[in-house]
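Coordinate inspection notes
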Amino acid sequence: MSASILILGARSDIARACAQEYARHGYDVRLAARDPADVQADATDIALRHGVSATTHAFDALQIEAFAAFADRLPELPDVVLCAVGFMGEQAGSQSDARAASVVLRSNFEGPALFMGLMAERFNARSHGTLIGISSVAGDRGRASNYVYGAAKAGFTAFLSGLRNRFARSAIKVITVKPGFVATRMTEGMDLNPRLTASPEEVAQAIWQAQAKGRDVVYVKPIWKLVMTIIRTLPEFVFKRTRL
Amino acid sequence: MHLSGWGRFPSLEARLSTPRDAAALAALVKDGPLIARGMGRAYGDSALAAHTVSMRRFNRMIAFDAQTGQLIAEAGVTLGEIVTAFLPRGWFLSVTPGTQFVSIGGAIAADVHGKNHHSEGAFGRFVDWIDLMGADGQIQRCSPDLNADLFHWTLGGMGLTGIVVRAAIRLKPVESGWIRQTTIAAPNLDAALEAFEATYSATYSMAWIDCAATGDRMGRSIVMNGEHARRGELPVDRRFTPFDTPQHGSPRVPLDFPGFALNPLSVRLFNEAYYQRNRRKPTTGLEAWGPFFYPLDSLRDWNRIYGRKGFMQFQCVVPLESHAEGLRTILGAISRSGAGSFLAVLKRFGAQDSRLSFPMEGYTLALDFPMTDRSLALLPELDRITADHGGRFYLAKDSRMSAQTLRDTDPRWAEFATMRRDSGLAGHFASAQSERLGL
């Protein structure tokens, strides 16, 4: 039997690239999105190109009470779960409207973390599995320009770190991915520095490599590790005056 | 953002949109004008406009019929992706240009040709239908039977009839990933042309031609022919894995070469070395599909060897009646100018009876020139010689031709421009090239 990967938020550009990457390596692919019709074309494409099984499933990161039933209905307990759910929202809206901020917090933290937690329990019962969470460099330090999104991602990063710590002595692997800038639907129209910007395909390759090499935390472009180390170590009295 | 074609000349500040679905694309089209872009491998300004729409995210394969070899795919799927997916199942592209990094949409828009044009025709011959988004954002299916006019204007129509959203193309069955290649060293142009005519029955043929050679050696070439190797023709140890070929290495050109790296001397030395090396090579052998069809793909970003200023491609076809004299005059003008083309390709075309496509029965010559004043002075002269011999030009390579030259050499485009005006396409689909050429 071949290995399988469950991809949450499968409509995103990074998720699509990851689905291709894992299918290329022979994984069966389970694509989960709010509206499975949105990812049906991808499933067809993956099955056609790679000769693996590719299926679509309805998943809403905000419906936490439906998580267990969703996991029960999957064709199998997957070997890998990749969570690419993310919603940036508008910082201005998140500042002034608690409801808008709540959607950002729940989409990027509550839903992803609780689902990964649920799958961790099931992996634990089976005693192996890999959890891959796409977090963000935005979670490394809160900045004026997007701290609501950043705070949610910081929470997700901490949650994944905790899971990794808990399962460090087992065959359950937890990988945190901090992609930096990626040329995706989310960043379209933004003026991003090309040296700092990865393609979704590069992110997918970095994730595959990270799993193969047993890495814990992945910055896709190595320069981001340096950039974020500097940003994290700036003393607060300096950092608070910056405009990043 | 700053955008250019593969030749990196010309470039312009463009808005680049990357829609993910038909609804988003339709919204952009209605706003027009814009031009669709696939892999950006057209050399000049064919896929370049103030508003350029990347079709890279329309890249799904939809269906494959293993009985007929028909593949239905979205326009942004590349030819290389098709080979990767289907060669292991015994299928290859019916027609492929010299790079696998082109999209289906781009291949249709330029109606690309390959080494088998003389024997099997251009890309469009293997297109069963096209789903084309028109100026109103609606998608129409076009084929030789359905909206036939639009279908024929779209093959070679440079993306100016609408946006190719998806298409059905036919692949061809092969028994291996190997090509039986025959190499003929031709000491001058006459010998090269003779070699082409003598091997006309070969499925694949093309020649690398030394544009730096003069006098008795003018036009000396290495003519290469090829056939798909049958399984039984492979060495015994390869017959069980006939589609496995050595990995195509892909080093990248890491930086822009300085402008002086390609000069008349280095071009002459390279061409001399290439000729001498191939002259001594065994004349027949097996070559993997990668190096045979896509020799330049093994060097990623090879356009950077021309430096920041970029380069210009020139590709013409001279009809059979006047080809020898036409080619000789062109080669003479190049060597007199001292401009010297680093990579030059000569190829025999067969007859082509489509509405806009570039090929015609005769010989095509493809040259590239660094972006210098010398090249800029030479190219109009090559235009004129081509025109004098009844030839025409390939728009996928063009970056600088005048509207007058196009009108004089290829009256089909005037009719195309009228059709575009009359059907309201002109206001929605336009490239820097279409504006320069008055299309």
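Residues numbered from 1 in each chain as written. Chains lettered and ligands numbered in written order. Predicted model: local features only at pLDDT ≥ 70, side-chain atom pairs only at ≥ 80, totals over all residues.

Focus on the overall build of chain B
Applicable threshold: To qualify as a helix, a DSSP run of H or I must reach at least 4 residues; to qualify as a strand, a run of E must reach at least 2; elements of each kind are numbered from the N terminus. Here the radius of gyration uses the C-alpha set of atoms, whereas the globule reference equals 2.2 Å times the residue count to the power 0.38. Counting other C-beta atoms within 10 Å of its own, a residue is labelled buried from 20 upward, exposed at 12 or fewer, and partly exposed in the gap between, with every C-beta atom placed from the backbone. Any residue pair is listed as a contact if its two C-beta atoms, each placed from the backbone, are within 7 Å.
Helix and strand counts for chain B stand at 13 helices and 19 strands. Against the globule reference of 22 Å for 439 residues, chain B gives a C-alpha radius of gyration of 21 Å, in line with a compact fold. Expressed along its principal axes, the backbone C-alpha trace of chain B runs to roughly 60 × 55 × 45 Å. Buried residues in chain B amount to 51% of all 439 residues. Long-range pairs, those at least 24 residues apart, make up 75% of the contacts in chain B between residues at least 6 apart in sequence.

Thoughts on the interface of chain A and chain B
Note the following rule: Polarity classes work like this: nonpolar for Ala, Val, Leu, Ile, Met, Phe, Trp, Tyr, Cys and Pro, charged for Asp, Glu, Lys and Arg, and polar for all others, with Gly in that last group.
Facing eight residues of chain A, the contacting portion of chain B comprises seven residues. For the side of chain A that touches chain B, the class distribution of residues is two nonpolar, one polar and five charged.

Remarks on the packing of helix 9 (residues 323-337) of chain B against helix 10 (residues 373-388) of chain B
Helix-helix packing is described using two parameters, namely the angle between the two axes and the distance between the axes. Residue and element names in this part refer to chain B. The following threshold applies: Every angle, taken between N-to-C directions, lies between 0 and 180 degrees, and every axis is a line fitted to C-alpha atoms, over only the stretch in contact when it is a helix. Roughly parallel means an angle under 35 degrees; roughly antiparallel means over 145; roughly perpendicular covers 65 to 115; every other angle is labelled oblique. By the definition used in this description, the sense in which the near helix is turned from the far one sets the handedness, with an anticlockwise turn below a right angle giving left-handed and a clockwise turn giving right-handed.
Their axes nearest at 10 Å, the elements helix 9 and helix 10 cross at an angle of 165 degrees. The angle between the axes of helix 9 and helix 10 places the two elements in the roughly antiparallel class. Crossing hand, helix 9 versus helix 10: right-handed. Here Gly326, Thr329, Ile330, Ala333, Ile334 and Ser337 of helix 9 come into contact with helix 10, specifically with Arg374, Leu378, Glu381, Leu382, Ile385 and Thr386. Grouping the amino acids of the contact of helix 9 with helix 10 by side-chain chemistry returns six nonpolar, four polar and two charged.

Section: the pairing of strand 5 (residues 129-134) of chain A
The side chains of a regular strand alternate between both faces of the sheet. Residues and elements named next belong to chain A. Just so we agree on the cut-off: A pair of strands is labelled paired if DSSP reports no fewer than 2 bridges between them. Crossover handedness is defined here as right-handed if the route from the first strand over the helix to the second strand goes clockwise, with the strands pointing away from the viewer.
Within strand 5, six of the six residues are buried, leaving the element largely enclosed by the surrounding structure. On strand 5, burial covers both faces: Gly129, Leu131 and Gly133 on one face and Thr130, Ile132 and Ile134 on the other are all buried. Pairing between strand 4 (residues 80-83) and strand 5: four bridges, direction parallel. Paired with Val80 across the bridge in strand 5 is Thr130. Of the strand pairs in this sheet, strand 5 and strand 6 (residues 172-178) are connected by six bridges, and their pairing is parallel. By the bridge assignment, Leu131 is partnered in strand 6 with Val174. On the question of chirality, the crossover connecting strand 5 to the parallel strand 6 by way of helix 6 (residues 147-166) is right-handed.

A short note on unusual backbone geometry
Residues and elements named next belong to chain B. Cis peptide bonds are those with omega within 30 degrees of zero, and the linkage from Phe9 to Pro10 qualifies with -5 degrees. Structurally, Pro10 can be placed in the loop between strand 1 (2-4) and strand 2 (11-13). Residue Pro33 follows Gly32 across a cis peptide bond; omega there is -5 degrees. The phi angle at Arg8 is positive, at roughly 65 degrees, despite the residue not being glycine. Considering the arrangement of structural elements, one finds Arg8 in the loop between strand 1 and strand 2. For Arg8, a count of 21 C-beta atoms within 10 Å gives the class buried. The phi torsion at Asp111 lies on the positive side, around 35 degrees, for a residue other than glycine. For Asp111, the position within the fold is in the loop between helix 3 (104-109) and helix 4 (117-120). The exposure class of Asp111 is buried, given the 27 C-beta atoms found within 10 Å.

Things to note about helix 9 of chain B
Residue and element names in this part refer to chain B. Test applied: What a helix should span is 1.5 Å times the count of its residues minus one. This arc corresponds to the set of directions leading from the helix axis out to the C-beta atoms.
Between its first and last C-alpha, helix 9 extends 21 Å over 15 residues, near the 21 Å set by a 1.5 Å rise per residue. Three or more residues of helix 9 are buried, namely His323, Gly326, Leu327, Ile330, Leu331 and Ile334. The buried residues of helix 9 all sit within an arc of 125 degrees when viewed along its axis, so they share a single face. Buried residues belonging to helix 9 abut helix 6 (189-198), strand 16 (311-319), strand 18 (362-370) and helix 10. Just past helix 9, the residue Gly338 takes up positive phi, approximately 75 degrees.

Considering the sheet that holds strand 5 of chain A
Residues and elements named next belong to chain A. Judged by pairing direction, the sheet is parallel, and its seven strands sit side by side in the order 3-2-1-4-5-6-9 without closing on themselves. Two strands bound the open sheet, and with one partner strand each, they are strand 3 (54-58) and strand 9 (217-219). Going from strand to strand, the sheet's axes swing by 20 degrees on average, the running direction of each strand aside. Of the strand pairs in this sheet, strand 1 (residues 4-8) and strand 4 are connected by four bridges, and their pairing is parallel. The partner of Leu6 across the bridge, within strand 4, is Val81.

Focus: the nonpolar core
This is how it is decided: We call a set of buried Ala, Val, Leu, Ile, Met, Phe, Trp, Tyr and Cys residues a nonpolar core when their C-beta atoms link them within 7 Å.
Judged by nonpolar contacts, the single largest core of 123 residues is most densely connected at Ile108, Val164, Ala167, Ala192 and Val223 of chain B. When residues in this core are grouped by element, the largest group, seven residues, is from strand 11 (residues 163-173) of chain B. Dropping the residues within four chain positions of it, Val164 of chain B is found in contact with Ala75, Gly105, Ile108, Ala109, Ile130 and Leu132 of chain B. By size, the runner-up hydrophobic cluster in this structure holds 67 residues, among which are Tyr27, Cys83, Ile132 and Phe159 of chain A.

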